[in-house]
Amino acid sequence: MVISGASALSVRVFASSQSWIESDAVDQCHRVAALDGMRHVAGMPDLHPGKGAPIGAAMLSSVLYPFLVGSDIGCGIAVFPIKLKRPNLERLAARFPDLDRALTPDDELWPDEIPADHPESLGTVGRGNHFVELARVDEVMQEGRVGKGDLVLIVHSGSRGLGESILRAHTEVHGAGPAADPAAYLEAHDQAVRWGSLNRRLMAERVAHALGAATAEPIVDECHNFVEVRDGLYLHRKGAARGIGNDVLVAGTRGTPSYLVAGHAGAEANFSVAHGAGRKMSRSDALRRNKAKHTVTELRRTAVGSLVVCGDRQLLFEEAPTAYKRIEQVIGDLVAHELATPVAVTIPLVTYKTRDR
DNA sequence: ATGTGC
């Protein structure tokens, strides 16, 4: 849908009529489009309402607005090839390391240099929709990246407390207003982006090491919460990855497939692709409805046979597959709008959310 | 989303 008129608001949502997009999220896109300096708002097929700003949107503006990126600056998804001899799911799930415990300088994996001099919570996954997943490549549509049957680690996490502190420092003074000193914000932002990427790599190394496997360079590592300077304008991405010749892992849920796609989005889509299935229910709705619908046992052993490591019952209900849209629909919309082409499908084997207790 | 808010 293209909505523009006397107000010159430019909003486009890349979703078919069959895709459920909450009107609150579209309203948020229009409010963002009315901000000073805003040129164009592109909603991805996983668009859903966020706190103030929509999630699953790329927003191009001559003015830099930190709140459009949000607190988890540098959040993204990386994919690491991993080789295991004979994957026994129960045994592997039990061997996952404690990713709620931060690395310390005593750890073998402790890096020589840490962006932003922020050693706190390094190597931890966080909460919410973050996860580390061992998955198997189930189908290959385009050769050259992964092969059918290959195992991968999918790491979805961000900059933890660092990005939050960067946004808070801005918000305390300027609220939802523009960055008073864009260069200073961008410098801190860039460090959070590097910190997030390092964090994902460290988690992959922690897991691979615990599972007795070798680590490899990621085949994909794309942020979906960041701002990019493009032709002198600020392209804010909030739950929207770059999709300009690069591959992106579009995450399904803890119980459904994920898709590796090749992005080829243009200006109308603000050069972006979706980052996941997108929430269909708010966390509170998901908690209430899924408590009535599922047992903990069901959610810990999913419909595709995967195991979910999650010692937090509430998080398990909030993150249940039924709280999300169908990933096939999101991918279908990306394809229909020529934003991306599927490369491979992965099926979860073991997903780590938070330590078992 | 968050060394988590009232």
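Every residue gets a number counted from 1 within its own chain, in the order that chain's sequence is written. Each chain takes a letter, starting from A, and each ligand takes a number, starting from 1, following the order in which they are written. Reporting of local features is limited, given that this is a predicted model, to residues whose pLDDT is at least 70; pairs of side-chain atoms are given and counted only at 80 or more, and all residues count toward the totals for whole chains, interfaces and linings. The side-chain values count all of the structure's non-hydrogen atoms but skip hydrogen atoms and water molecules.

## Describing the overall build of chain A
Heads up, the condition is: Secondary structure elements are taken from DSSP: a helix is a run of H or I of four residues or more, a strand is a run of E of two residues or more, and numbering for both begins at the N terminus. We compute the radius of gyration over the C-alpha atoms and compare it with the globule rule, which gives 2.2 Å times the number of residues raised to the power 0.38. We call a residue buried when its accessible area falls under 20% of the maximum for its residue type, exposed when it is over 50%, and partly exposed in between, using a 1.4 Å probe and counting protein chains only. Computed by Shrake-Rupley with a 1.4 Å probe, the accessible areas treat only the displayed protein chains as cover when residues are assessed. The charge count treats Lys and Arg as positive and Asp and Glu as negative. His and the chain ends do not count. Working definition for charges: the position is that of NZ of Lys, CZ of Arg, CG of Asp or CD of Glu.
Helices and strands together make up the secondary structure of chain A, namely nine helices and 16 strands. Over its C-alpha atoms chain A spans a radius of gyration of 19 Å, differing by no more than 12% from the 21 Å that the globule rule assigns to 357 residues. Structurally, chain A occupies a C-alpha span of about 60 × 45 × 45 Å along its principal axes. Burial status across chain A gives 56% buried among its 357 residues. Carbon and sulfur atoms make up 50% of the accessible area of chain A, which amounts to about 15000 Å² in all. Of the charged side chains in chain A, 40 are positive and 43 negative; the average position of the first set lies 7 Å away from that of the second.

## Points about the packing of aromatic side chains
Put simply, the rule reads: When the centres of two rings from Phe, Tyr and Trp lie within 6.5 Å, Trp using its six-membered ring, the rings pair. Their planes under 30 degrees apart give stacked, over 60 give edge-to-face, and anything left gives tilted. Any Lys NZ or Arg CZ that is within 6 Å of a ring centre and within 35 degrees of that ring's normal is treated as a charge sitting over the ring.
Applying the stated rule across the entire model yields two aromatic pairs. A cation over a ring is seen here: Arg 230 above Phe 271, with NZ or CZ 3.6 Å from the ring centre. Across the ring face of Phe 131, the terminal group of Arg 254 is positioned such that the distance to the ring centre comes to 3.8 Å.

## As for helix H5 (residues 182-210)
Structurally, the α-helix is built with 3.6 residues per turn, so residues lying three or four positions apart point the same way. The cut-off we apply is this: Multiplying 1.5 Å by the residue count of a helix minus one yields the expected span of that helix.
Over its 29 residues, H5 extends 42 Å from the first C-alpha to the last, a length consistent with the 42 Å expected when each residue adds 1.5 Å. Residue Gly 212 follows H5 closely and has a positive phi angle near 75°.

## Here's the deal with the side chain of Thr 351
Spelled out, the test is: By the criterion applied in these results, polar contacts are pairs of N or O atoms within 3.5 Å in which, for protein atoms, one can donate a hydrogen and the other can accept it, and in which residues neighboring in sequence qualify only through two side-chain atoms.
Inspection of the secondary structure assignment puts Thr 351 in strand S16 (residues 340-354). Within polar-contact distance, the side chain of Thr 351 engages the side chain of Glu 133 at 2.6 Å.

## Looking at the pairing of strand S12 (residues 244-250)
This is how the line gets drawn: A pair of strands counts as paired when DSSP detects no fewer than two bridges linking them.
Where burial is concerned, most of S12 is hidden: five out of the seven residues are buried. Both S12 and strand S13 (residues 258-264) contribute to a ladder of five bridges, which runs antiparallel. Note on S13: the bridge partner recorded for Leu 249 is Leu 260.

## Structural notes on unusual backbone geometry
The backbone of Asp 231 sits at a positive phi, close to 50°, despite the residue not being glycine. Among the secondary structure elements, Asp 231 is positioned in the loop between strand S9 (225-230) and strand S10 (233-238). For Asp 231, a relative accessible area of 76% translates into the label exposed. Positioned with a positive phi, Glu 338 is a non-glycine residue whose angle comes to about 55°. Mapped onto the elements of the fold, Glu 338 is located in the loop between helix H9 (327-336) and S16.

## Here we look at the packing of helix H4 (residues 160-174) against H5
Each packed pair of helices is defined by two parameters, the angle between the axes and the distance between the axes. Spelled out, the test is: Interaxial angle, 0 to 180 degrees, is taken between N-to-C directions of lines fitted to C-alpha atoms, where a helix line uses only the stretch in contact. Should an angle lie under 35 degrees it is considered roughly parallel, over 145 roughly antiparallel, and from 65 to 115 roughly perpendicular; all remaining angles are considered oblique. Rotating anticlockwise by less than a right angle from the far helix to the near helix defines a left-handed crossing, while the corresponding clockwise rotation defines a right-handed one. In this analysis, two residues are considered to be in contact whenever any of their non-hydrogen atoms come within 4.5 Å of each other. Side-chain classes follow a simple rule in which Ala, Val, Leu, Ile, Met, Phe, Trp, Tyr, Cys and Pro form the nonpolar group, Asp, Glu, Lys and Arg form the charged group, and the remainder, Gly included, forms the polar group.
Contact pair H4 / H5: the axes reach a minimum separation of 9 Å and the direction vectors enclose 165°. Taken together, the axis directions place H4 and H5 in an arrangement best described as roughly antiparallel. Here H4 runs over H5; the crossing is left-handed. Residues Arg 160, Leu 162 and Ile 166 of H4 lie in contact with H5, whose contacting residues are Tyr 185, Ala 188, His 189, Gln 191, Ala 192, Trp 195 and Asn 199. Taken together, the residues that form the contact of H4 with H5 break down as six nonpolar, three polar and one charged.

## Some points on the pattern of salt bridges
For the record, the criterion: Salt bridges are defined as contacts in which a side-chain nitrogen from Lys or Arg sits within 4 Å of a carboxyl oxygen from Asp or Glu.
The tally for this structure, following the rule as stated, stands at 20 salt bridges. Linking Asp 100 and Arg 355 is a salt bridge whose minimum nitrogen-to-oxygen distance equals 3.6 Å. Taken together, the residues span a long stretch of sequence, with Asp 100 in the loop between helix H3 (89-95) and strand S6 (131-140) and Arg 355 in the segment after S16 at a distance of 255 residues. Using a relative accessible area of 45% as the deciding quantity, one classes Arg 355 as partly exposed. Its salt-bridge partner being Arg 300, residue Asp 356 comes within 3.0 Å of it at the nearest N-O pair. Here Asp 356 is found in the segment after S16, whereas its partner Arg 300 is found in helix H7 (residues 296-300), with 56 residues between them in sequence. Relative accessible area serves as the criterion here: at 35%, Asp 356 is assigned to the partly exposed category. Overall, the relative accessible area of 28% leaves Arg 300 in the partly exposed class. Overlapping salt bridges bring together Arg 279, Arg 283, Glu 318, Glu 319 and Lys 353 as one network.

## Section: the protein's contact with DNA strand B
Using the following cut-off: When at least one non-hydrogen atom of a residue lies within 4 Å of a molecule or strand, that residue is treated as near it.
Around DNA strand B, the neighbouring residues are Ser 71, Asp 72, Glu 120, Gly 126, Arg 127, Gly 128, Asn 129, His 130, Arg 160, Gly 161 and Arg 283. Counting only atoms of DNA strand B within 4 Å of the protein, the sugar-phosphate share comes to 79%. Within the backbone of Arg 127, one N or O atom sits 2.8 Å away from a phosphate oxygen of DNA strand B.

## Structural notes on the nonpolar core
Counted only if it meets this: Nine residue types can take part in a nonpolar core, namely buried Ala, Val, Leu, Ile, Met, Phe, Trp, Tyr and Cys, and a core is a set of them joined through side-chain atoms within 4.5 Å.
Residues Met 44, Val 250, Val 261, Val 273, Ile 331, Leu 334 and Leu 339 are the most contacted members of the largest nonpolar core, which totals 30 residues. When sequence neighbours within four positions are dropped, the list of residues in contact with Met 44 reads Phe 14, Gly 56, Ala 240, Ala 269, Ser 272, Val 273, Ala 274 and Leu 339.

## Focus: the environment of Arg 12
The topology assignment puts Arg 12 in strand S2 (residues 11-13). C-alpha separation for the pair Arg 12 and Arg 254, spaced 242 residues apart in sequence, amounts to 29 Å.

## Details of helix H6 (residues 283-293)
To keep it simple, the criterion reads: Here the arc refers to the directions that run from the helix axis out to each C-beta atom.
What H6 keeps buried is the set Ala 286, Leu 287 and Asn 290. Projected onto a plane normal to the axis of H6, the buried residues spread over an arc of 100° and lie on a single side. For H6, the exposed residues set more than 90 degrees away from the buried face come down to Ser 284, Arg 288 and Ala 292. Next to the buried residues of H6 lie helix H8 (313-318).

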